[in-house]
Amino acid sequence: MKRIAILGTGSFAPEKILTNADLEKMVDTTDEWITQRTGIKERHISDKDTPTSVLAVKAAERALAAATVNAGDLDFIICGTVTPDMIFPSMACLVQAKLGATKAVAFDIAAGCTGFIYGMELARSLITADPSRKVLLIGAEELTKITDWTDRSSCVLFGDGAGAVVLAQVDEDRGILSTFLGADGNLGDLIYQPGGGSLHPASHETVDGKMHVIKMAGNRVFPHAVRKMGEAATRALEAAGVPQDQLDLLIPHQANFRIIDAIGRQLNLPMEKVYVNIDRYGNTSSASIPIALDEAVRNGRITPGKHVMLVAFGAGLTWGAVLMRW
Ligand code: ACO
């Protein structure tokens with residue numbers, strides 16, 4: 001049996017931590033509100049001189065070491081990110097140079113918090129087309145660099161970090177069993193960053209109008225997130241013919257503990273089968289799933305033979321799920 005599988009995982013988060021108590025001094029909020037409404041207690045924050053690619057490279061180096069793959073043997077580097085170092089060149093090209101992965105084709109995908117899941121399907125397709133390929137997939141973000149620190153409804157949510165995996169074909173019955181992706185561009189205005197693109201190029205007006213930060217209608221996003229992640233996970237289970245009760249671990253995008261809890265209930269999963277680390281990281285967008293996956297592998301929550309579901313939701317709107325046998 002040949003399948004496309006993750007050979008190794010890695011993650012990295014900046015050392016500096018911003019706690020809810022710190023936020024209490026910055027905006028009109030409380031630790032109690034943030035904890036009860038989101039489950040977040042603290043988040044990692046990059047300093048101003050450290051761009052996202054630095055976090056991406058650290059996570060990638062750890063994933064390559066875990067996979068025992070040399071950077072020079074990579075065929076593709078794909079970065080899921082909405083906070084690349086700059087609009088172009090892509091962050092993946094910057095990472096390629098820093099890793100010395102001279103053979104690798106490199107590009108970014110922008111699918112909001114679903115970037116890593118979209119990347120998994122892309123990696124699967126690329127390896128299916130040529131089974132000799134090795135793909136490095138990274139989810140890396142510095143959302144705190146595009147956060148409106150005066151908007152209490154969003155600034156308490158976000159954190160920085162990166163996670164990475166190396167994928168290749170294996171001659172074993174483990175790896176990706178099914179994927180499911182979706183998008184609805186009609187709901188694009190629920191989470192977006194209006195300034196800096198061709199519609200509103202950077203100008204004094206866009207800076208003064210706070211157009212370079214995240215705009216999010218959080219309470220309108222919430223029900224879509226629960227419904228679409230639940231649907232995506234169910235469709236991926238059906239496509240693989242794996243019954244719900246054989247799912248061992250759900251790793252959902254860490255956007256809000258109440259969303260995670262609702263998806264767990266929708267899938268009839270006890271909370272011990274749902275991975276939660278939002279309390280320590282906040283929402284790190286496309287980095288949240290690979291960070292959680294790396295933690296779960298390293299702390300023994302994922303062991304060979306386990307059925308693991310990754311499921312995400314984000315700007316676009318986009319959503320998707322990947323079911324794997326580890
Ligand atoms: N501290 C104290 N009060 C606050 C804060 C805060 N930090 N933020 C909002 N409030 C207040 C509001 O002003 C409002 O007060 P009011 O009733 O007097 O008007 C009240 O709390 C309730 O506000 P809601 O927005 O309805 O709160 P809700 O329970 O929906 O929680 C949240 C807000 C946490 C944003 C939630 O809606 C959420 O998590 N949504 C989903 C976000 C998400 O999943 N995003 C997707 C990915 S992001 C990406 O792709 C980059």
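Scroll up a little and you will see the structure.
The paragraphs below set out a description of the structure included in this document.

## Details of the nonpolar core
- Met229, Leu250, Met309, Val311, Phe313, Leu317 and Leu323 are the most contacted members of the largest nonpolar core, which totals 43 residues.
- When residues of this core are traced back to their parent elements, those giving at least two are α8 (218–240), α9 (257–266), β12 (307–314) and β13 (318–325).
- Ranked by residue count, the leading element in this core is α8, at eight residues.
- Both of domain 1 (3–173) and domain 2 (177–325) provide at least three residues apiece to this core.
- Not counting residues within four places of it along the chain, the set of residues in contact with Leu250 comprises Ile263, Leu267, Leu269, Lys273, Val274, Tyr275, Met309 and Val311.

## Structural notes on empty space enclosed by the protein
- In this structure the tally under the stated criterion is two cavities of 30 Å³ or more.
- Volume-wise, the largest cavity comes out at about 40 Å³.
- Around the largest cavity, the lining residues are Ala5, Ile6, Arg174, Gly175, Met324, Arg325 and Trp326.
- Only β1 (3–12) and β13 provide two or more residues apiece to the lining of the largest cavity.
- In terms of residue class, the lining of the largest cavity is built from four nonpolar, one polar and two charged.
- When its volume is computed, the second largest cavity comes out at roughly 30 Å³.
- Considering only residue class, the lining of the second largest cavity consists of three nonpolar, five polar and no charged.

Criteria and cut-off values
Residues numbered from 1 in each chain as written. Predicted model: local features only at pLDDT ≥ 70, side-chain atom pairs only at ≥ 80, totals over all residues. Heavy atoms only, no water. Core = buried A, V, L, I, M, F, W, Y, C linked by side-chain atoms within 4.5 Å. Buried < 20%, exposed > 50% of the residue type's maximum accessible area, 1.4 Å probe, protein only. Helix = DSSP H or I, 4+ residues; strand = E, 2+ residues; numbered from the N terminus. Domains from an automatic or database assignment. Contact = heavy atoms within 4.5 Å. 1 Å grid on protein atoms, 1.4 Å probe; cavity = no way out; pocket = protein on both sides within 12 Å on 5 of 7 lines; lining within 4 Å. Points joined across faces, edges and corners; volume = space filled by probe spheres on them. Nonpolar A, V, L, I, M, F, W, Y, C, P; charged D, E, K, R; others polar.

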